[in-house]
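Observations on the model geometry
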Amino acid sequence: MSTSTSMAGPVAGEPRTAFVLAGGAALGAMQAGMVHALYERGIVPDLLIGTSAGALNAAFPASRPATTATAHELAALWRGLRRRDILPLRPATLVSGLAGRRDHLIPDAALRRLAARHLQFERLEQAAIPLHLVAFDLLAGIEVRLCDGPLGDAVLAAAALPGVLPPVRRRGRLLADGGIADNTPLWHAVALGARRIYVLPTANPGDRGLPRPPRAALAAAVHAVTVLTNARLHADLARYAHSAELIMLPAANPGHIPPTDFGHAGQLITQALAAARTTLAAGTPKPPAETVTPAGLSLAGPDAETGPQD
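One structure accompanies this document, and this report is about it. (Residues numbered from 1 in each chain as written. Predicted model: local features only at pLDDT ≥ 70, side-chain atom pairs only at ≥ 80, totals over all residues. Heavy atoms only, no water.)

1. A few points about helix H10 (residues 265–281)
Our working definition: Think of it this way: any DSSP run of H or I at least four residues long counts as a helix, any run of E at least two long counts as a strand, and we number them from the N terminus. Multiply 1.5 Å by the residue count of a helix minus one, and that product is the helix's expected span. Should any heavy atoms of two residues lie within 4.5 Å, those residues are counted as being in contact.
Taking 1.5 Å per residue, 17 residues should reach 24 Å; H10 reaches 24 Å between its end C-alpha atoms and fits that length. The secondary structure elements touched by the buried residues of H10 are helix H1 (30–40), helix H3 (68–80) and strand E7 (196–200). Just downstream of H10, glycine 283 is the residue with a positive phi angle, here 95°.

Rendered as structure tokens:
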């Protein structure tokens, strides 16, 4: 294992680099291994973009040194997590939700405490590495890129799976998990000017099947959403291949651990670290011949939330 040493900032003349961290509930643990592999090679982001579980994983290193020590801390967080730390089941809330008296089944207090305990700044604009979290506006039906305002609210908004966790009201919007529309928000990195993008997924493009049927209703629902959002990722990789250099790290999950199983974080982290090291050691693709903005993509898109601070 490599030692933890401070990494220098981005090299002058290098392309603007983004890390894009996908959602995936418990599978978000593998991103700790990916971040480790990147940092130990001196690969540092100019900006971080995340949604769902990737929102928490993006916010964690945003105010910490770009070192393997930070990756170890993130891995320790995931190894210590259990479902009850994020999705505690409360009979009263479940009954109220199922009876139509609430718009969610699980309160967000546990997730809010987790974010407050592990994130080192209070507002998005205070991040040492520019941080952008992607949520979905349930009322307007559009993706919303959050770049300022209270960090805790932004993380909860980006991770609020509709019907499971309560949506977050912010500036007249009703925000929920951005992963329901775009689980790997690649286009936001392109819109923000990134020309080298490291994609940290929780499932590989094209992954659709399962070795066995889900045993729980939540697991079945999450798998259905994963299949739909993976189709979006597959299309986006082709769509933006000429706009940026895309480096897709592998989502190593040979045991098919489901997104609802928080008991195998260590295994996911170790496998992801090994797979990412292999991919990075093999070299990255050459930069694209042209770096153009795809038609219809605005560099300050209408979906971006850039209003006055709260």
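Having seen the structure, we can now continue with the description.
2. As for the environment of glutamine 271
Worth spelling out the cut-off: Exposure categories follow from relative accessible area, calculated using a 1.4 Å probe and restricted to protein chains: below 20% of the type maximum is buried, above 50% is exposed, and the middle band is partly exposed.
Turning to its location among the elements, glutamine 271 is positioned in helix H10. Residue classification places glutamine 271 among the partly exposed positions, given a relative accessible area of 22%. Those residues in contact with glutamine 271, other than ones at most four positions away along the chain, are Ala252, Asn253 and Pro254.

3. Things to note about the packing of H3 against H10
The line we're drawing: A fitted line through C-alpha atoms represents every axis, and for helices the fit uses only the stretch in contact; the resulting angles, taken between N-to-C directions, go from 0 to 180 degrees. Residues are sorted three ways: Asp, Glu, Lys and Arg are charged, Ala, Val, Leu, Ile, Met, Phe, Trp, Tyr, Cys and Pro are nonpolar, and all the rest, Gly among them, are polar.
Look at H3 against H10: their axes get within 8 Å of each other, and the N-to-C directions meet at 145°. Where H3 approaches H10, its residues Ala75, Trp78 and Arg79 are matched on the opposing element by Ala265, Gly266, Ile269 and Thr270. Split into classes, the residues belonging to the contact of H3 with H10 amount to 4 nonpolar, 2 polar and 1 charged.

4. Considering the packing of aromatic side chains
Quick reminder of the rule: Centre distance within 6.5 Å is the pairing criterion for rings of Phe, Tyr and Trp, where only the six-membered ring of Trp is used; planes under 30 degrees apart are then read as stacked, over 60 as edge-to-face, and the remainder as tilted. Two limits define a charge over a ring: the Lys NZ or Arg CZ must be within 6 Å of the ring centre, and within 35 degrees of the ring normal.
This model, assessed by the stated rule, comprises 2 aromatic pairs. Taking the centre distance of 6.4 Å and the plane angle of 35° together, the rings of phenylalanine 19 and tyrosine 39 count as tilted. In this pair, phenylalanine 19 is assigned in strand E1 (residues 17–21) and tyrosine 39 in helix H1, connecting sequence segments 20 residues apart. Accessibility classification places phenylalanine 19 together with tyrosine 39 in one group, the buried group. A ring pair is formed by phenylalanine 19 and tyrosine 198, whose centres lie 5.9 Å apart and whose planes are at 80°; its orientation type is edge-to-face. Of this pair, phenylalanine 19 sits in strand E1 while tyrosine 198 is found in strand E7, placing the two residues 179 residues apart along the sequence. Using a relative accessible area of 1% as the deciding quantity, one classes phenylalanine 19 as buried. Here the aromatic residues Phe19, Tyr39 and Tyr198 are joined through ring pairs into a cluster of three or more. Over the aromatic face of phenylalanine 60 sits the side chain of arginine 64, whose NZ or CZ is 3.6 Å from the ring centroid. The lysine or arginine in question, arginine 239, covers the ring of tyrosine 240, its NZ or CZ lying 5.9 Å from the ring centre.

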